[in-house]
Every structure is written in structure tokens, then in C-alpha cells.
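# Coordinate inspection notes
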Amino acid sequence: MGLGRISKKKWIYYPVTFYVNLIRNIPLILVIFWFYFVMPIIVGRPMDPFPSAVISFIVFEATYFGEILRAGFQSVSRDLIQAGYSTGLTYWQTTRYLLVPIAFRRMLPSMITQSIVTYQDTSLAFVIGLPELVRRTAIVDGLEVRSIQLFGFVAVVFFITCYLGSIVSRRFEVQRERGF
Amino acid sequence: MIEIRDMSKWYGDFQVLSRINEVIHRGQTVVVCGPSGSGKSTLLRCINGLEPFQEGEVLVDGVSVSDPSTNLYKLRQKIGMVFQRFELYPHMTALQNITLAPLKVKKKTREEAGKKAMELLARVGIPDKADSFPANLSGGQQQRVAIARALAMEPEVMMFDEPTSALDPEMIKEVLDVMINLAKGGMTMVVVSHEMGFAREVADEIIFMDEGKIIERGTGEEFFKNPKSERTKDFLSKILI
């Protein structure tokens, strides 16, 4: 997706750009709904919530991760790549030792952040009846009626995992300020 | 060493270089000056094949740059290049910056490449910075690492694209000193620069370019004392203050 957005080939660039713009301007919840309720009409048979949710997430998040990749690759200046060429490195050597490692270091913090967002968004799969964490809690709550403790626990689980993620992300950002 | 014959280049409809002719002999230092947008940097990039051109011919050591059968990767090993904004690899130490191409292109051993890199760092005056990352070096130090990186491939020609214009004034001298030593040591050099003191001291020829054309050429003193064209006089009066 990201490579398609920096492609010089028009037949790759335009469809990919159209797709990215389309999906990024639709709320995730709509994509989830759409897949779950519209796909069965097209395919002709009902879909399970789990594969349906997984596909929705892939369709949706691919555009966001694609844009992070695009920004990462574009952040490596043309002159830096030319500096590699000027010492006699080949196209593949320049890509392998310069473009990819530099771009990935720069995109890592955004990648982690986006992963955290994706993880939090999994609770949206609730709307098509997928028993993810929030849904399961609601079921238990229906039996035990201890909303504060149960949903409090879920919040703590989300908080700890996401906070750990953001600590890692920040460490990479500090590294980046040192010149990456 | 370098021969440019009737070379022209266009970006779409816009002509950036027009009928350039120039011969640079082994051991010569040629300084190219001119206002921004006059095609100086593009000229350098045409010599080592980083930019294609549409007409004419460029020969480096008798090998045509535009010939499709020429191995440009091989040709570029003979031509070191230094950039305005240093362009060091940010994820590698100074030493790794210098040894990357010798290791991967020339397939040298780590010891060989490392030893050579340390010699070069000593030559540019910063042997103690081998393990520093570019972000921890000053502009002048970064540019000297960049020069060492280019020299590590043992090039026959060195090209400099405004090597001092991104530097603070007090760092210009340390970079120019390295370049002067190189020139006096017999390196063939093509230098795009407005450092007229440098040009006066080491240039065998000075070329003035404007709008993609070579307007005037001359040896050091003659160029400064008796510029022939009005355009050159005007330019020199602006940069020499």
C-alpha cells in the first residue's frame, strides 16, 4: 500500500491512492458493519463475525499503515540515496543498507502508536456480536451485575498494555531526536 | 580524465544545461561558480550518471557515461562525491559510514576497511570521532567524514557540490583546509563553490556558469582581475563584496 503511494507508475498510484482516500474517510465501525452485513449479500452466504472483523481490520488498517510506510520512505532524502550511489553501491545495496533501515527507524514510533489504536479499536467488533474483551465482559456483567469492577478491570487491562506500548514508542522517538 | 562534449540536458521543456564543453585533465582542480539555478549541481550529477542528459557526451577516463552498456556502479567507484548537506548515513557511526562501500562494493575485510578508514579520519583531522554518530558531530566534522567516506573508495576524481555553503562560518576553514591538501596532493577535483579564496589558491581553471551555459572560463588571477563578460563582472562584484 505504502509502496503503491510512492509508485511512479500511474496504473498503480491512482487506484491505490483512491482506495486509501476512500477508506481513510470512512469510520472504522462502518467498514465493520459493511463487511458483516453487505458481504453475505454479494457472496451469497452469511459470514462468521470473526473472519468478517479480521478482514475489516485489514482493509481499514492497511491504509493507515500504508501511509506511515509512505511517509517513512519519503523522509529519506534523494541526496542521501545519491550519496550511497556515488560511492558505488548498487540499487539493491542502497535499498538494503540505507533506505530500508533509515525509513523503518523513522516510522517505528508511528507504527507502534497505530498498533495501539488498532488494539483499542478491536472493541468495535462488539457491534457485530464478536465476543472480544468488551463483549465478553458485558456477558459476564449480565450474569453478575458488577459493572464497576468488571469494566474497571477491562479498562486496566487496556491501559497497561497500551501504556507499555507507548513507553516503547517514546524510547524510539528519543532515539530519533538524536538524529534519525 | 573528464571530457564533456556538447552536453545538453532538459527537465521537460526547461533546458538546464546547454551545449557544455569542458576537458579536465588528471591532477587538475576546476572550480565552478555561478548563481543558484545555473545548472552547476546538475552538471556534477551528469558526470557520475546520477542524472541522465539528452544530448552530447561525457567521458570519464575514456568511458562514456551515457552509453547503456556502461556499468555506472563501477564508474562511480572512480568518482567520489561530497554533498552540500553532508548526507551521512544517520544510523551508522562515522567509521561505519566510511567502511560501508569498501566492505560491500570492494569486498574488503573488516580489518582492512577499518584500518583504511582510521587513516582517512586521521587525515581529515578527526581520528577521535570514529565511533560518533553524525547527529553528535558538528557540521564541519560531518563534512570531513563525508570527504573521508568518498576517499575510502580510492577515487580518481573528487566532486564537491557546494561543500561549505551549509556550514557555519567558523567551520568553513577546517573543510577547505582538507580540500586544499587534497588538491595539492594531486587529486583531480571538480568543485562547485563560491569560496573564491579557495579558487584563487588551488584552481587550475575557474568556470562561470549562468542559465545552463558556461559564460566564461579562466585561470585564477586572470578570472578575477579581468572578467570579460558583464554577467561575470556583475556576479563577482556581488560575491567578492
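Above this text is the structure in question.
A brief look at the structure comes next. (Residues numbered from 1 in each chain as written. Chains lettered and ligands numbered in written order. Predicted model: local features only at pLDDT ≥ 70, side-chain atom pairs only at ≥ 80, totals over all residues. Heavy atoms only, no water.)

### Quick notes on the layout of surface pockets
- Here the largest pocket defines a volume of roughly 910 Å³.
- Along its surface, the largest pocket is lined by 23 residues, and Lys8(A), Ile81(A), Tyr85(A), Tyr91(A) and Leu99(A) are the ones closest to its centre.
- Where the lining of the largest pocket is concerned, the elements lending two or more residues are helix H4 (49-74), helix H5 (78-86) and helix H6 (91-121) of chain A together with helix H2 (72-76) of chain B.
- If one sorts the elements of the lining of the largest pocket by residue count, H6(A) sits on top with six residues.
- Reported here for the second largest pocket is a volume of approximately 220 Å³.
- Surrounding the second largest pocket, 14 residues form its lining, Leu80(A), Arg85(B), Glu87(B), Leu88(B) and Pro90(B) being those nearest its centre.
- When grouped by side-chain class, the residues that make up the lining of the second largest pocket number seven nonpolar, four polar and three charged. (1 Å grid on protein atoms, 1.4 Å probe; cavity = no way out; pocket = protein on both sides within 12 Å on 5 of 7 lines; lining within 4 Å. Points joined across faces, edges and corners; volume = space filled by probe spheres on them. Helix = DSSP H or I, 4+ residues; strand = E, 2+ residues; numbered from the N terminus. Nonpolar A, V, L, I, M, F, W, Y, C, P; charged D, E, K, R; others polar.)

### Concerning the nonpolar core
- Counting 48 residues, the largest nonpolar core has Ile2(B), Ile4(B), Met7(B), Val60(B), Met159(B) and Val190(B) as its most contacted members.
- At six residues, H6(A) tops the list of elements feeding residues into this core.
- Once residues lying within four places of it in the same chain are set aside, the contact partners of Met7(B) are Leu17(B), Ser18(B), Arg19(B), Ile20(B), Leu43(B), Cys46(B), Phe53(B), Glu55(B), Gly56(B) and Val58(B).
- One finds Ala148(B), Ala150(B), Val175(B) and Val202(B) within the second-largest nonpolar core, a separate group that totals 47 residues. (Core = buried A, V, L, I, M, F, W, Y, C linked by side-chain atoms within 4.5 Å. Buried < 20%, exposed > 50% of the residue type's maximum accessible area, 1.4 Å probe, protein only. Contact = heavy atoms within 4.5 Å.)

### Remarks on the pattern of salt bridges
Residues and elements named next belong to chain B.
- The tally for this structure, following the rule as stated, stands at 27 salt bridges over all chains.
- The partner of arginine 26 in a salt bridge is glutamate 156, and the shortest N-O contact between them spans 3.4 Å. One end of the pair, arginine 26, is in the loop between strand S2 (14-24) and strand S3 (29-33); the other, glutamate 156, is in the loop between helix H5 (139-151) and strand S7 (157-161), and 130 residues separate them in sequence.
- When salt bridges that share partners are traced, they join Arg26, Asp61, Lys78 and Glu156 into one network. (Salt bridge = Lys/Arg side-chain N within 4 Å of Asp/Glu carboxyl O.)

### Observations regarding the environment of Ser193(B)
Residue and element names in this part refer to chain B.
- For serine 193, the position within the fold is in the loop between strand S8 (188-192) and helix H7 (196-202).
- Those residues in contact with serine 193, other than ones at most four positions away along the chain, are Val31, Val32, Cys33 and Thr164.
- From its side chain, serine 193 meets the backbone nitrogen of glutamate 195 in a polar contact 2.9 Å long. (Polar contact = N/O pair within 3.5 Å; in protein donor to acceptor, adjacent residues only side chain to side chain.)

### Remarks on a nonpolar patch on the surface
- A cluster of nonpolar side chains, contributed by Val156(A), Phe159(A), Ile160(A), Tyr163(A), Leu164(A) and Ile167(A), occupies part of the molecular surface with about 570 Å² of accessible area.
- Mapped onto the elements, Leu164(A) comes out in helix H8 (residues 147-177). (Patch = residues over 30% accessible without salt bridge, like charges linked within 9 Å, V, L, I, M, F, W, Y side chains within 5 Å. Areas by Shrake-Rupley, 256 points an atom, 1.4 Å probe, with all protein chains shown as cover.)

### Some details on the interface of chain B and chain A
- With 24 residues of chain B in contact, the opposing surface of chain A contributes 24 residues.
- Taking both sides of the interface into account, the surface hidden between chain B and chain A amounts to around 2,100 Å²; carbon and sulfur atoms contribute 63%.
- Together, Tyr73(B), Pro90(B) and His91(B) form the three largest contributors to the area buried by chain B at its contact with chain A, with a combined 28%.
- Counting across the chain B and chain A interface gives two salt bridges.
- In this structure, Arg78(A) engages Glu51(B) in a salt bridge whose closest nitrogen and oxygen atoms are separated by 3.0 Å.
- At the junction of chain B and chain A, the tally comes to nine residue pairs in polar contact (both at pLDDT 80 or more).
- Broken down by secondary-structure element, the contributors of at least two residues to the side of chain B that touches chain A are H2, strand S6 (79-82) and helix H3 (94-104) of chain B.
- For the side of chain B that touches chain A, the element with the highest residue contribution is H3(B), accounting for three residues. (Buried area = accessible area lost by both parts, 1.4 Å probe.)

Don't take any of this as a statement about function, it's just geometry.
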